[in-house]
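# Residue-level structure breakdown
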Amino acid sequence: GVDLQQYSKQVELELQEVERASIHDYIKESENIASLHNQITACDAILERMEQMLSAFQCDLSSISSEIRTLQEQSVAMNLRLKNRRAVRQQLGQLLDELVVPAAMIRWDPGDERGLLSPPWPCVTFLSPRSTILEAPVTEPEFLEQLQELNGKINSVKEQAFRETVACADVQHVLEKLKIKAVTKIREFVLQKIYSFRKPMTNYQIPQNALLKYSRFFYQFLLGNERTVAQELREQYVDTMSKIYLSYFKSYTSRLMKIQYEEVAEKDDLMGVEDTAKKDILGPSLKNRNTVFTLGNRGSVIGAAELEGPIIVPHAAQKSDVRYPFESLFRSQHYALLDNSCREYLFLCDFFMVTGPSAQDLFNAVMGKTLTMFLKHMEAYVCDCYDSIAIFLCIHIVLRFKAIMAKRNIPAVDKYWDTLLDILWPRFKHILELNIQSIQSTDPQKLGFLDTRPHYITRRYAEFSSAIVSINQTFPNEKTHALLGQLQVEVENFVLRVAAEFSSRKEQLIFLINNYDMMLGVLMERAVEESKEVEGFQQLLSARTQEFIEEILSPPFGGMIAFVKEAEALLEKGQLERLRGEEARVTQLARGFSSTWKAAVESLSQDVMRSFSNFKNGTGIIQGALTQLIQYYHRFHKVLAQPPLRSLPARAELINIHHLMVELKKHKPNF
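Numbers given for residues are sequential positions, taken from 1 along each chain in its written order. With pLDDT at 70 or above as the cut-off, local features in this predicted model cover only qualifying residues; side-chain atom pairs require 80 or more to be listed or tallied, and sums for whole chains, interfaces and linings still use all residues. To obtain the side-chain values, all non-hydrogen atoms of the structure were used and water was disregarded.

Let us now look at the overall build of the protein. Secondary structure is summarised from DSSP: a helix means a run of H or I of at least four residues, a strand means a run of E of at least two, and numbering begins at the N terminus for each. Within the protein, the regular secondary structure consists of 20 helices and zero strands. Out of the 671 residues in the protein, the part that is buried amounts to 42%. At a minimum sequence separation of 6, the contacts of the protein that also span at least 24 residues come to 77%. Element-wise, carbon and sulfur atoms account for 53% of the exposed surface of the protein, whose accessible area totals about 37,700 Å². Working definition: with a 1.4 Å probe on protein chains only, accessible area under 20% of the residue-type maximum means buried, over 50% means exposed, and in between means partly exposed. We call two residues in contact when some of their heavy atoms are within 4.5 Å. Surface accessibility in these figures is a Shrake-Rupley result with a 1.4 Å probe; residues are shielded only by whichever protein chains are displayed.

Our next topic: the nonpolar core. Among buried residues, those of type Ala, Val, Leu, Ile, Met, Phe, Trp, Tyr and Cys that are joined through side-chain atoms within 4.5 Å constitute a nonpolar core. Ranked by internal contacts, the top residues of the largest apolar core, which has 174 residues, are Phe221, Leu424, Phe557 and Phe636. Per element, the largest residue contribution to this core is 14 residues, and it comes from helix H17 (residues 532-573). If near-sequence neighbours (up to four positions away) are discounted, Phe636 is found in contact with Met560, Phe563, Val564, Val586, Leu589, Ala590 and Leu654. Formed by six residues, the second largest nonpolar core is a distinct cluster that contains Tyr252, Leu256, Ile259 and Ile312.

It is worth spelling out the packing of helix H7 (residues 227-257) against helix H11 (residues 356-382) at this point. To get an axis, a line is fitted to the C-alpha atoms, and for a helix only the part in contact is used. The angle between two axes follows their N-to-C directions and goes from 0 to 180 degrees. Running from N to C, H7 and H11 cross one another at 20 degrees; their axes reach a closest spacing of 7 Å. Considering their axes alone, H7 and H11 lie roughly parallel with respect to each other. For the element pair H7 and H11, the recorded crossing hand is right-handed. Residues Arg234, Tyr237, Val238, Met241, Ser242, Tyr245, Leu246, Phe249, Lys250, Thr253 and Met257 of H7 pack against Leu362, Ala365, Val366, Met367, Lys369, Thr370, Met373, Phe374, His377 and Tyr381 of H11. By the convention adopted, Pro, Cys, Tyr, Trp, Phe, Met, Ile, Leu, Val and Ala count as nonpolar, Lys, Arg, Asp and Glu as charged, and the other residues, Gly among them, as polar. Considered class by class, the residues forming the contact of H7 with H11 number 14 nonpolar, four polar and three charged. Our angle categories are set so that under 35 degrees counts as roughly parallel, over 145 as roughly antiparallel, 65 to 115 as roughly perpendicular, and the remainder as oblique. Should the near helix be turned counterclockwise from the far one by less than a right angle, the crossing is left-handed, whereas a clockwise turn marks it as right-handed.

Here we come to the environment of Pro200. Along the polypeptide, Pro200 turns up in the loop between helix H5 (168-196) and helix H6 (205-225). Considering only alpha carbons, one finds Pro200 and Ile244, 44 residues apart in sequence, at a separation of 9.9 Å.

This paragraph deals with unusual backbone geometry. One non-glycine residue, Asp321, lies in the positive phi region at around 55 degrees. Relative to the helices and strands, Asp321 resides in the loop between helix H9 (314-319) and helix H10 (326-351). Look at Asp321 and you get exposed, because its relative accessible area is 62%. With a phi close to 55 degrees, Met353 is a non-glycine residue in the positive phi region. Its location among the elements puts Met353 in the loop between H10 and H11.

Of the residues in the protein, 88% reach a pLDDT of 70 or more, and the chain-wide mean stands at 84. You can read pLDDT as the predictor saying how much it trusts each residue, on a scale of 0 to 100. Confidence, read as mean pLDDT per element, is least for helix H3 (residues 132-135) in the protein (74) and greatest for H11 (95). Across residues 108-130, where pLDDT falls below 50, the model places 41 contacts with residues more than four positions away in sequence or in other chains. Predicted confidence is poor over residues 277-290, with pLDDT under 50, and the contacts of this stretch with residues over four places away or in other chains come to 24 contacts.

See below:
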């Protein structure tokens, strides 16, 4: 409902009004606008100058970027050159370190252009107040340090010479002259130490220790640079020490043999030789010496305390008038050998740098003459030795020394030990065979008066066998067991032959029991109970003792024993009715036992105690006899309790078993 034309005019009028108002406002703010215009013009001028500055800066940046690229290219090139130079320096520096001779090694006067050790290069000057290689004593640490460095440079020059390095020619003659000087000083020092061994009363271990302390690398240096000098020193050492050891051990062995017991076992000192023939040998003159067949305290030589104890000093023993059995001298002699051999072998391996067969060959060169002298001495002594215990102790000393050296891991004298055993074993076997033959050839009828006491031959065997068994326990040997077995068989046969000379079985059994008991007692003092010898004699003694008990029970109680055995046999066969006719016999046996048993037991006890030299053994036999008697009487009771004999009046006269046991205990001797 609005007129658009009218509305349009109205709007146009309003716009004109607004335009006039706006113009009025602009006119009003004309000064400010003019000022703003001036400011904008000024800013435009400033921006124009900035644009010019930035354009100039942009040109500068372009120039800097080009320079940076140039510098970067230069840096890459420099890094490449540095890398190449480092690689060259690493190899060249190592080469120079190996080849350049330092000032401490040589002395050079710049004015002496033709001096002994003048370096060929003019650009390097060596000035040192003291030349270590030329002037320092070989015992100083500085000399050893410079010698090791010199050795390294010599080896380096040899290595570089194969690569045709030109610089080697510049230092080779200097190193050669230094080497000659070092070799000369080392040779003089080592020879001086070797010659010091030859002085009388010298403890050669001290110079040896000095050689190890200072000269271990010296010999290595000589071996690598002057083998002829090294060989000379080695030969000088071998020659010197070989003579020293031979002289020492020859003198020591000779002096040791002078303090051996004067009385030694001879070819007649055998088990089967008659006792009368031994009086001169086993008489009072041997009060300071063990008997031929008795070990005594001789076994201590293989004990832990004495085996590795101090060696015997001959002049001290002679001054104190002390004498020793051969095995003690042997122990002292060979312990000295063991100790010196171990030390010498270790020294040779350490100083001369040898191992295995080379070390063994060098050791043989040093100790060979001494070992040969030892073997000749042993062969000469052993071939005339009849002391089997001494030989056997020597065998076990060798076995123990061999084990000690094996524990120390030193095989130096293994062959010597084996050769020594090859000498000792056959002799020990020969002496035992002589003893066996002497027992075989002994005729009991020629022994004169015989009694039932232990025979001297069995006592000798017991002492000897117990000695060998006790020694053999640590290192058991089948050869020893076999030889002792043969000897035991011959002794048992001998005892049976002698027993056969007695007329009555009772005397034979007493003789056998006394000898078996004596041999068993001596054996058990030293041998273990599980040994074959102890077990064998225990069985023999038990069998003969049981037979003897039956023998001594037979006279007083033989009738009862025979009846009991007959009745028990009939009982087993079921023929008890055959006992009905034995009433009178049974009555006589029962009454006879009741009336005579006490006197019979008393007589039996006295007879047994008179018959046996070992009261303990006699007591055991009496106890066994009384026990056996009680068993027979108890069996007699059982037989009489059977129906055919149960109603006999004689049963009332039987002694009660318990009462009999109480009464028999009163007759048991106490020892």
